[in-house]
Amino acid sequence: MSQTASLFDTYKRIPVRFEKGDGVWLYAEDGSKYLDFAAGIAVNSLGHSHPHLVSALKDQADKLWHLSNLYDIPGQTRLGDRLVEATFADKVFFTNSGAEALECSIKTARRYHYENGDAGRYKIITFEGAFHGRTLATIAAGGQEKYLEGFGPKAEGFVQVPFADLEAVKAAIDDETAAVLVEPIQGEGGIRVAPEQWLRDLRALCDEHGVLLALDEVQCGVGRTGKLFAYEWSGITPDIVAIAKGIGGGFPVGACLATAEAAKGMVAGTHGTTFGGNPLAMAVGNAVLDVILEEGFLQHVVDVGLVFSQGLAAIADEFPDIVEEIRGRGLMLGLKAGIPNGEVLTAIRDEHMLAVPAGENVIRLLPPLTITVEEAREGLSRLEAAARKLSTAAD
Ligand SMILES: *Cc1c(COP(=O)(O)O)cnc(C)c1O
């Protein structure tokens, strides 16, 4: 019987049991250690056991754990103010997960049009390869058959078109369209970067038709690409942005950010959450921002990302049969594999390094944003060792 027999069998678990983490390293029960370039799928943005996050959580734990949103939660107001200060947003709603942040985004978009007397505008245009979460609405938004299968009627109102295809969006927009929802970099879809010009064109198209532009930055946001948010690279101003993963650094936190105009329908009583924005989560979220907003931190992500991606390109040059292509930006990088990505991941794990699979036969590399150049080089040497073994085996 498997060790996890009592749990839903929804995850095929990797046969290593970790009990401790420190920075970019994870320590297994058997005493071995692994270089963690998965980071909980872009969650441990500051690595494991970051001292500033640990002390923020412990200090808050001594004071107050939970307060209903019926009260003003000081840490929540502070984190909201700081996100507003640092972004396009005027308003923030805190959640416990990415999917909940997307649910809030979708509801905000629909409610905006309702408020405008245009309740017939409810459709959300999404993109092939998208991933927006596992709730009933977000699996419909993601549109992936493997996540919809067997879960009854697909939630209505989601229209899907090919990624980065402006003409397809144009053709799909009608007088029932509420919003376009897009990941500036598709994570689960295979580290597919939305071209900057396409995002600008999309913004203009949305404006032309009175459609809101909502972004899913659950994976690519919070410093991952070397800007606080990935949309900044294109210079656009979105109406709504969903975030999660990295903002909690490992503590469950998500948020829906919006302009005051886009959020105008979300008045008292329209939406709620028991746990969202709780004092523990907010203490950690504020601590994450303390570090990410520090002078020079995002430049560090850009610099290390450059060293790492150049090293990856060299590996791709040397082993073109194993690595076909390098994708991504900052520390959100992907290797498109020339053999099944599961085999590459196993070979990487044999080198005591962790990465994550993605669509289009890609391996995602999402290390903590705090990694040093030396740690990035350590990752490269392990990846190279894995590629060499796979390449030799293939001969
Ligand atoms: C992980 C992810 C989600 C879902 O987040 P959960 O916290 O698992 O609900 C949504 N969108 C994107 C882009 C993600 O990477």
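The structure presented is a predicted model; accordingly, all values stated were derived computationally and were not measured.

**What to know about helix 9 (residues 279-292)**
So, step 1. Taking 1.5 Å per residue, 14 residues should reach 20 Å; helix 9 reaches 20 Å between its end C-alpha atoms and fits that length.
So, step 2. Capping the start of helix 9, Asn278 holds a side-chain oxygen 3.1 Å from the backbone nitrogen of Leu280, two or three residues further along.

**Re the UniProt feature "binding site: pyridoxal 5'-phosphate" (unreviewed entry) in the protein chain**
So, step 1. Under the UniProt annotation, the feature "binding site: pyridoxal 5'-phosphate" (unreviewed entry) is placed at Gly98, Ala99, Phe131, Asp216, Glu217, Val218, Gln219 and Thr274. These residues run over 177 residues, and the two farthest C-alpha atoms among them are 25.0 Å apart, placing them at more than one spot.
So, step 2. With respect to the helices, strands and loops of the structure, Glu217 is situated in the loop between strand 10 (212-216) and strand 11 (240-243).
So, step 3. Excluding anything up to four places from it in sequence, Glu217 contacts Pro184, Phe229, Ala230, Tyr231, Val241, Ala242 and Ile243.
So, step 4. Position of Gln219 among the secondary structure elements: in the loop between strand 10 and strand 11.
So, step 5. For Gln219, a relative accessible area of 9% translates into the label buried.
So, step 6. For Gln219, the contacting residues outside a window of four places in its chain are Ile41, Ala42, Gly187, Glu188, Arg224, Lys245, Met332, Arg364 and Leu366.

**Looking at the UniProt feature "binding site: N(2)-acetyl-L-ornithine" (unreviewed entry) in the protein chain**
So, step 1. In the UniProt entry, the feature "binding site: N(2)-acetyl-L-ornithine" (unreviewed entry) is given for Arg134 and Thr273.
So, step 2. Mapping Arg134 onto the fold places it in the loop between strand 5 (123-127) and helix 5 (136-142).
So, step 3. The residues touching Arg134, leaving out its near neighbours within four places in the chain, are Ala99, Ile139 and Tyr147.
So, step 4. Relative to the helices and strands, Thr273 is located in the loop between strand 12 (254-258) and helix 9.
So, step 5. Beyond its immediate chain neighbours, meaning those up to four positions away, Thr273 contacts Asn69, Phe93, Phe94, Asn96 and Glu100.

**Digging into helix 2 (residues 51-63)**
So, step 1. A rise of 1.5 Å per residue sets the reference length of helix 2, with its 13 residues, at 18 Å; its end C-alpha atoms lie 19 Å apart and thus fit the reference within 8%.
So, step 2. Burial in helix 2 covers these residues: Leu53, Ala56 and Gln60. Across the axial projection of helix 2, the buried residues extend over an arc of 65°, all falling on one side. Facing away from the buried side of helix 2, by more than 90 degrees, are the exposed residues Pro51, Lys58 and Asp62.
So, step 3. Residues of helix 2 that are buried in the fold lie against helix 9.

**Some points on the pairing of strand 1 (residues 18-22)**
So, step 1. Sheet topology places strand 1 next to strand 2 (residues 25-28); 4 bridges connect them, and they run antiparallel. In the sheet register, Phe18 faces strand 2, and the bridge partner there is Ala28.
So, step 2. The antiparallel pairing of strand 1 with strand 2 creates a hairpin that spans 2 residues between the two strands, and Gly23 there sits at a positive phi of about 60°.

What counts as what
- Residues numbered from 1 in each chain as written.
- Predicted model: local features only at pLDDT ≥ 70, side-chain atom pairs only at ≥ 80, totals over all residues.
- Heavy atoms only, no water.
- Helix = DSSP H or I, 4+ residues; strand = E, 2+ residues; numbered from the N terminus.
- Expected span 1.5 Å × (residues − 1).
- Polar contact = N/O pair within 3.5 Å; in protein donor to acceptor, adjacent residues only side chain to side chain.
- UniProt positions renumbered as here; feature names shortened; annotations may be inferred.
- Contact = heavy atoms within 4.5 Å.
- Buried < 20%, exposed > 50% of the residue type's maximum accessible area, 1.4 Å probe, protein only.
- Arc of directions from axis to C-beta.
- Pairing = 2+ DSSP bridges.

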